[in-house]
Amino acid sequence: MNALVERPPLAPERRRRLIATLRGLLPADALLSADEALRPYECDGLSAYRSRPLAVALPHSIAETQAVLRACHAAGIPVVARGSGTGLSGGAYPLSDGVLLSLARMKSILSIDLENRSARVQPGVRNLAISEAVAPYGLYYAPDPSSQIACSIGGNVAENSGGVHCLKYGLTTHNLLKLEVLLADGERVTIGADALDAAGYDLLALMTGSEGLLGVVVEVTVKLLPKPESARVVMAAFDSVEACGAAVGDVIGAGIIPAGMEMMDKPAMGAAEDFLHCGYPVGSEAMVLVELDGLPEEVEDGIRRVEAVMRARGATDVRVSRNEAERANFWAGRKNAFPAVGRISPDYYCIDGTIPRGQLPHVLGRMRELSTHYRQRIANVFHAGDGNLHPLILYDANQPGEMERTEALALDILKLCVDVGGTITGEHGVGIEKINAMCHQFTSAEIEQFHAVKHAFDPAETLNPGKAIPTLHRCAEFGALHVHHGQLPHPELPRF
Amino acid sequence: MTDANLTDSLRDRVQTAAGQGTALVICGSGSKAFLTGTAADETVDMTRHAGIVHYAPQELVLTVRAGTHLRDVEALLAEHGQMLAFEPPHYGPQATVGGTLAAGLSGPRRASAGAARDFVLGLRILNGRGEVLRFGGETIKNVAGYDVSRLMVGAFGTLGVLLDASFKVLPKPAQECTRVQDAPDAGAALKRLRETVLKPWPLSASAWLDGRLYLRLSGAAPAVAQAARALGGETLADDATFWRDLREQQFAFFTDPRPLWRLAVAPAATLLPETLVAPADRLMEWDGALRWVHSTAPAATLFAAAQARGGHATLWRNAPAGTPRRLQLPPALATLHQRLKAAFDPHGILNRGAFHPEP
Ligand SMILES: Cc1cc2nc3c(=O)[nH]c(=O)nc-3n(C[C@H](O)[C@H](O)[C@H](O)COP(=O)(O)OP(=O)(O)OC[C@H]3O[C@@H](n4cnc5c(N)ncnc54)[C@H](O)[C@@H]3O)c2cc1C
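Each chain carries its own residue numbering, running from 1 in the written order of its sequence. Throughout, the order in which chains and ligands are written sets their labels, letters from A for the former and numbers from 1 for the latter. Restriction of local features to residues with pLDDT of at least 70 applies here, the model being predicted, together with a cutoff of 80 or more for giving and counting side-chain atom pairs; totals for whole chains, interfaces and linings are based on all residues. Excluded from the side-chain calculation are hydrogens and water; included are all heavy atoms of the structure.

Student: How should I be thinking about the side chain of B:R124 in this particular structure?
Tutor: All names here are of chain B. Strands here mean DSSP runs of E at least two residues long; helices mean DSSP runs of H or I at least four residues long; both are numbered from the N terminus. Mapped onto the fold, R124 is located in strand 6 (residues 120–126). Contacts described as polar in this section are N or O atom pairs within 3.5 Å, which, within protein, must combine one atom able to donate a hydrogen with one able to accept it, while residues neighboring in sequence count only if both atoms come from side chains. In this structure the side chain of R124 is engaged in a polar contact, spanning 2.9 Å, whose partner is the side chain of T7. At a separation of 2.6 Å, a polar atom in the side chain of R124 contacts the side chain of D164. By definition in these notes, contact holds between two residues if any of their heavy atoms fall within 4.5 Å. For R124, the residues in contact, after removing those within four places along its chain, are N5, T7, V132, L133, R134, V161, L162, L163 and D164.

Spelled out as structure tokens, the structure:
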């Protein structure tokens, strides 16, 4: 954290001129500039950081979006795209000298193509709304972030969001066909195709997860999948987190790829149980949910094998969902783990590090030591199948020092993830939040290469500037403190 | 199996070439050289930069050097009951991992499992300045920085020399079974495919050729059995050979000396009219999304036909002299390609002319 993007203020005269220009381009309801009206847009899901943009544009169409981009580009004004503002890394944090471009009004499902199993939607469409719209045809859109009732598909593309089913069905990047994108100067490009590959470089992959720095996504064609006929969940309890982690490895080792495999530790389970009473084994140290889907006989067969794996690792309690209601109930606590933890602590801070799964016991052990050292409690939820940790650090921002200790603890956890061969972010993005941690994960040459990519798309650097990729000076300031594998990072830069 | 890390000498080669402006051709075994035309001063042989760096079956992760033979990788994975799920075409016994990724080719399992790029977790590369860079890693999820690794897949080595690649690998399906049905008419076969892909069956590959529709099911034994019953048709004996020969383009259809076009289109797109392609000159894969045709129609006609069907056409084999293999990209995209190329390879030394933008 502590990575605010400091920007020089804009002269009042330029601001007035910009707003007058935008007023001429947009219908009255599509531009907010009064101080009160800007307030809801001060932050995204990383709400500890707030700032007011110059104005908020809420275009209804590609043409209006294009007009905003052209005007801002001509005036050298930064533009920050925003979907639903559920991002957890400050990607949609507004810049005080920039325009916040909300895509929330572009929320139509433009077409559903059953024959090609795809849907073409506007960027502001909510993730869940896609699956709801195609459910009558027995289809669904696979990536299912826990925020799916609120988050937008445009935001999902920008963050390459995952969900609890991505071990089997992939992330956003695996479930897209085509994007309509506006570049910083408003130029429109089609990326990807209705076919399974497109001519030229794989810009679809590059655009996915680019956090609004390379272009504004104004239309998305997603792949749809047939809904599995049957899905059931095994819930297994363990008296140690290590045994639970080992059981997860055994499932994969047995050649099973579950639709979802999620772990929770005791504090997280307790919070979820208090909130939703889903029957979690709160007396145990850890539990894992393993969902299998497919044809009914296949699911039965898989369930038996998973149960056997769990028992062989010493599970103290193994339960299997008997119907849809029970399956939903088993998931409810996991899907609501964040708000549940929000009830037991005034504030919490969600970490998104990802590790090779075999490192789990080591990382959890080390995390306990760090938690003691910094005197902040941690509750763990964990996309166990793919090694994506979500430690939730509990803190109270009103207690002096707690916020600072939380940030220091968070950074240590991220560095731990990198040091065991993992990454600082599995699905929530870098934004402003992990920009310092980027210096720990990448060398100067790699960071320069990222900037060169940015430059290829947005030479004037007006799209979401200052986010996602740190400047080398920032890394030098920050990195001077950290020595990685005995080497000073970014050695070519002057130290201050 | 070769086990050697030549990163340092490869880096020196590229740095020297960058300094002198020497054009380099990055070469594996050359099995996919027929796909590109290049103009080069020097060849960089990647085949000795080979070996398994790390394999963790329980993590579903494999990291190998680019010069490693694909067949060695597949043999190692098979020992552990695993596979590269994109079922890559080899196009030659010595095919390397680097060439496979640079060409970005995927085999019969593409439509159901995903493409080469979908299974790449991370890459170590040399850019055109001779800097060793690592993007992505060995974790299944990773969104730190732009997804440069996937950008490299299918870029034909024009953006960087691939050094090592990390893959997500998958367990081999417990059971596979291929059903064959008579389907003399390609249009009717396409229609049947549309109905099939809407069913929640474990379909892992499909092909239509010579009036027959081949449907492969992969997965847990009960699921395969259940779906096979529902599909009808006959079981194909030795189906592994069939899918391998299809993947490797060994059928007579592919060895025909006439120009062979590859059309990637929306899976349900209409067939090309018979005025462009005779019925016997068609073969379909990927549930209809990949169509191979022999046609002597002008390139512009085929480019336009593929575009009208939501995709693009490539002249794959037997290109007549002077015929463009690929359609020029639209201007805005072409500009982006040129700028990206310059961002990774400012001196323009890597596989010059191998891919978009055409020289
Ligand atoms: C309770 C909770 C649970 C969550 N669970 C998950 C989870 O399980 N998995 C997961 O991956 N994430 C999760 N998230 C994070 C978040 O929901 C995702 O990152 C989501 O994709 C953000 O979508 P959004 O529409 O809210 O985007 P925003 O927050 O508005 O924006 C996110 C980023 O995308 C950019 N952006 C938005 N729209 C566009 C566009 N049209 N074109 C270009 N750039 C754009 C913004 O500039 C910003 O950088 C969770 C968040 C919360 C609050």
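Student: I tried to follow helix 1 (residues 12–25) of chain A on my own but got confused; where do I start?
Tutor: What sets the pattern is the α-helix's 3.6 residues per turn: residues three or four places apart point alike. All names here are of chain A. Taking 1.5 Å as the rise per residue, helix 1 with 14 residues should run 20 Å; its terminal C-alpha atoms sit 20 Å apart, in good agreement. To sort residues, take the accessible area from a 1.4 Å probe on protein chains only and compare it with the maximum for the residue type: under 20% means buried, over 50% means exposed, and anything in between is partly exposed. Where helix 1 is concerned, the buried positions are L18, I19 and L22. Taken end-on, helix 1 shows its buried residues confined to a sector of 95 degrees, consistent with a single buried face. Facing away from the buried side of helix 1 by more than 90 degrees, the exposed set consists of R16, R17, A20 and G24. Buried positions along helix 1 lie against strand 1 (31–32), strand 2 (55–57), helix 3 (62–75) and strand 4 (99–102). Residue count minus one, scaled by 1.5 Å, sets the expected span of a helix. The arc in question is the one traced by the directions running from the helix axis out to the C-beta atoms.

Student: What should I look at first to understand the site of the ligand in this one?
Tutor: All names here are of chain A. Definition of nearness: a residue and a molecule or strand are near each other if at least one heavy atom of the residue lies within 4 Å of the molecule or strand. For the ligand, the set of nearby residues contains 33 residues, the closest of which are A81, G83, T86, S147 and S152. In this structure, an oxygen atom belonging to the ligand sits 2.7 Å away from a main-chain N or O atom of G83. At a separation of 2.8 Å, an oxygen atom of the ligand approaches a polar backbone atom of G85. Shrake-Rupley sampling with a 1.4 Å probe provides the accessible areas, and residues are treated as covered by the protein chains on show and by no other component. Its free accessible area being 980 Å², the ligand has 94% of it covered by the protein chains. Of all the secondary structure elements, the ones that give two or more residues to the shell around the ligand are strand 3 (79–82), helix 5 (153–159) and strand 10 (216–223). Of all the elements, helix 5 adds the most residues to the shell around the ligand, at five residues. Basically, the charged four are Asp, Glu, Lys and Arg, the nonpolar ten are Ala, Val, Leu, Ile, Met, Phe, Trp, Tyr, Cys and Pro, and anything else, Gly included, counts as polar. Of the residues in the shell around the ligand, the class split is eleven nonpolar, 18 polar and four charged.

Student: Is there a simple way to explain the interface of chain A and chain B in this structure?
Tutor: The extent of an interface is frequently quoted as the accessible surface area lost upon association of the parts. Listed by partner, the interface residues are 87 residues for chain A and 70 residues for chain B. Throughout, the accessible surface (probe 1.4 Å) given up by two parts as they are put together, summed over both, is called the buried area. Between chain A and chain B, roughly 6300 Å² of surface is buried when both sides are summed, and carbon and sulfur atoms account for 62% of that area. It is A:L196, A:Y201 and A:Q449 that lose the most area in chain A upon contact with chain B, and together they represent 14% of the buried surface on that side. Here, a salt bridge means any Lys or Arg side-chain nitrogen found within 4 Å of an Asp or Glu carboxyl oxygen. Residue A:D386 pairs with B:K141 through a salt bridge whose shortest N-O separation is 3.9 Å. Taken together, the links from chain A to chain B amount to 26 residue pairs in polar contact (both at pLDDT 80 or more). Elements that contribute at least two residues to the side of chain A that touches chain B include exactly helix 6 (166–169), strand 9 (188–192), helix 7 (203–207), helix 8 (241–253), helix 10 (296–312), helix 15 (435–441) and helix 16 (444–457) of chain A. Of the residues forming the side of chain A that touches chain B, the biggest block, nine residues, is contributed by helix 16 of chain A.

Student: Is there a simple way to explain the pairing of strand 16 (residues 290–294) of chain B in this structure?
Tutor: Two faces, one strand: in a regular strand the side chains alternate between the faces of the sheet. Residue and element names in this part refer to chain B. When you tally the buried positions in strand 16, you get five out of five residues, the bulk of the element. Side-chain alternation along strand 16 places L290, W292 and H294 on one buried face and R291 and V293 on a second face that is also buried. Pairing analysis gives five bridges linking strand 14 (residues 260–264) to strand 16, with the strands arranged antiparallel. Counted as the bridge partner of L263 is R291 from strand 16. Should DSSP find at least two bridges between two strands, the strands are taken to pair. Across four bridges, the pairing between strand 15 (residues 282–285) and strand 16 is antiparallel. The residue bridging E285 from the neighbouring strand is L290, located in strand 16. In this structure, the hairpin formed by strand 15 and strand 16 is closed by a connection of four residues, where W286 is found at a positive phi of approximately 50 degrees.

Student: Is there a simple way to think about the domain arrangement of chain B in this case?
Tutor: All names here are of chain B. The split into domains, and so the bounds of each, comes from an automatic or database assignment of domains. Partitioning chain B into structural domains gives domain 1 (7–171) and domain 2 (175–317). Measuring from the centre of the C-alpha atoms in domain 1 to the corresponding centre in domain 2 gives 27 Å. In this complex, domain 1 contributes 16 residues to the contact, which on the side of domain 2 involves 16 residues. In total, domain 1 and domain 2 occlude about 1300 Å² of area from one another, counting both sides; carbon and sulfur atoms represent 54% of this. At the junction of domain 1 and domain 2, the tally comes to two salt bridges. Between R216 and E87 there is a salt bridge whose closest N-O contact spans 2.8 Å. Scanning the region where domain 1 abuts domain 2 turns up nine residue pairs in polar contact (both at pLDDT 80 or more). Of the residues belonging to the side of domain 1 that touches domain 2, the class tally is eight nonpolar, five polar and three charged.

Student: Looking at this model, I keep getting lost on helix 8 of chain A. Mind explaining?
Tutor: Residue and element names in this part refer to chain A. Taking 1.5 Å of rise per residue, the 13 residues of helix 8 would be expected to cover 18 Å, and the 18 Å separating its terminal C-alpha atoms lies within 8% of that figure. Residues of helix 8 that are buried include every one of V241, A243, C244, G245, A247, V248, G249, V251 and I252, and no others. Where helix 8 terminates, the next one or two residues include G255, which has phi positive at roughly 80 degrees.

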